[in-house]
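# Observations on chain architecture
Listed below, chain by chain, are the residues.
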Amino acid sequence: MPLFASLYNFAFWLAQDQAAAEDLVQETYMKALKGFSSFEQGTNFRAWIYRILRNTFMTSQAGLKASALVPLDGDDDRPVEAGTETGTHVTPESLLLARIEQQQIQQALEQLPVAFREIILLCDVEEMSYHEIGLALGIPIGTVMSRVSRARRAMRTLLAVRDEGVAE
Amino acid sequence: MSCDLWRQWLDVYVDESSSAEESAAIEDHLRICPSCTAATLARMQLKRLTRAAAAGRYAPSPEFRLRPELFQLIEKGVEAPPQPLWKLRWVQGLAGAVVALLVVLVSISAWMRHSVRDQALAELLDLHVATTASTNPVDVASNDRHTVKPWFQGKLPFTFNLPEPGNSSYKLLGGRLVYFRHAPGAQLLYDLRKHQLSVFILQESPGSTPPATGVTTSRQKGFSIETWSETGLRYVVISDSSPSDVHDLSDLMRVAAHQ
């Protein structure tokens, strides 16, 4: 099956549960095969199938619960306010990050709101372009830009809390 | 622009989603700002760490199997969405082949038209040369157009006008009946400063006369030739005289045709 491994990985990161991830992938392929006629040949297949998976998750019980837990405070196209990051000017982040282990990154990802988690995964793990992310999530590029920035800031905040014990 | 504003662009830059101009501007700033450079490096590092920590982190259990319905769906065949006809590869190929064939046909047709025309003019040139070499070049010897024109009555299925002599330097020597490609035509012979000029008047029909539209001038074996078509008749003027002499007589013939 095309993209099986990466789709499953993405599904697990979203659902945080093996059985739920497996169901999500099964459901995604079923929907993709049944609705293949809606796929426009020559357009981005990867973004299309990720969108199916993501929408399937968001309309599932787990997805609805996850998205309701932490509302995004208006990430629209509004520029991100800079200079509010913990330790940005106090401690060089590169030194801080050098001491961070994989497990801490994974824990931080798990703690991120699902909207931030999915965009970090698509951008950093799947290495999608902003255009592709926009297609997969059904949001404009401006929103992709601001949400990526906010998601990374949230990651840095989570990591700084763990590492330095400094709250934002 | 302050560092706070530059920071908004660092994620876009790290994700290689900035335009070339934006990237150049950001890099210009990074060269002079250690704080933003450190922030950029940190973003790059976090991106790399995130990928390393999250990519391929989870795999399905060994017992995991895709549902049989999925394979049934695949076996039934995934119905590809209908594509516009012009997008289909074979249609594009066919269209390309048709265009190529048309180009070849048009080229061959143009070449054949030229070939037929050149051949017809060559035959008329031979007739002109034969006439001028003959001891009896004309059937009706007269410089009077009112004698020459009536002589063709009953011999040709068409009629034509001859130019008035006026102050013209062209001297009518006479006319003769010619058969060109199985059809009768008129050949008028003129004299200009010891040069002889033939005017062929033929019935226009495909294959029997040099096909061409408008006035066409050419040179063959040193002879000047001008030809045009008018009211269903093909006129061809040939001489060893200069092209301008041939052209002037052609003009006189065209004026006479409208009288």
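The preceding data block contains the structure.
First things first, this report covers the structure right here in the doc.

Turning next to the environment of Lys155(B). All names here are of chain B. Position of Lys155 relative to the elements: it lies in the loop between helix 6 (145-151) and strand 2 (171-180). Linking Lys155 and Leu177, residues 22 residues apart in sequence, is a C-alpha distance of 7.8 Å. Not counting the four nearest positions on each side in its chain, Lys155 is found in contact with Leu177 and Pro184.

Moving on, we come to the nonpolar core. Ala11(A), Leu53(A), Ile119(A) and Ile133(A) are the most contacted members of the largest nonpolar core, which totals 59 residues. Considering each element in turn, this core owes the most residues, nine residues, to helix 7 (residues 114-125) of chain A. Each residue touching Ile119(A), except ones within four places of it in the same chain, is listed here: Ile133(A), Arg147(A), Val148(A) and Ala151(A). The next biggest cluster of nonpolar side chains, apart from the first, holds 27 residues, and it includes Leu188(B), Ile201(B), Ile238(B) and Val246(B).

A separate point is the sheet that holds strand 1 (residues 140-141) of chain B. Residue and element names in this part refer to chain B. Strand order in the open sheet formed by seven strands is 1-2-3-4-7-6-5, and the pairing between neighbours is antiparallel. Across the chains shown, the open sheet's two edge strands, defined by having one partner strand only, are strand 1 and strand 5 (216-220). The sheet contact formed by strand 5 and strand 6 (residues 223-230) spans five bridges and is antiparallel. Note that in strand 6 the partner of Ser218 across the bridge is Ile225.

Here we come to helix 6 (residues 102-111) of chain A. Residues and elements named next belong to chain A. Among the residues of helix 6, those classed as buried are Ile105, Ala108 and Leu109. What you see down the axis of helix 6 is that its buried residues fit within an arc of 100°, all on one side. What points out from helix 6, more than 90 degrees from its buried face, is the exposed set Gln103 and Glu110.

Relative to each other, helix 6 of chain A and helix 3 (residues 34-54) of chain B sit at 90°, their axes nearing to 9 Å. Judged on the interaxial angle alone, helix 3 of chain B and helix 6 of chain A are roughly perpendicular. Here Gln102(A), Ile105(A), Gln106(A) and Leu109(A) of helix 6 of chain A come into contact with helix 3 of chain B, specifically with Leu49(B), Thr50(B), Ala52(B), Ala53(B) and Ala54(B). By residue class, the composition of the contact of helix 6 of chain A with helix 3 of chain B is six nonpolar, three polar and no charged.

Definitions and cut-offs
Residues numbered from 1 in each chain as written. Chains lettered and ligands numbered in written order. Predicted model: local features only at pLDDT ≥ 70, side-chain atom pairs only at ≥ 80, totals over all residues. Helix = DSSP H or I, 4+ residues; strand = E, 2+ residues; numbered from the N terminus. Contact = placed C-beta atoms within 7 Å. Core = buried A, V, L, I, M, F, W, Y, C linked by C-beta atoms within 7 Å. Buried ≥ 20, exposed ≤ 12 C-beta atoms within 10 Å, placed from the backbone. Pairing = 2+ DSSP bridges. Arc of directions from axis to C-beta. Axes fitted to C-alpha atoms, helices over the stretch in contact; angles between N-to-C directions. Parallel < 35°, antiparallel > 145°, perpendicular 65-115°, else oblique. Nonpolar A, V, L, I, M, F, W, Y, C, P; charged D, E, K, R; others polar.

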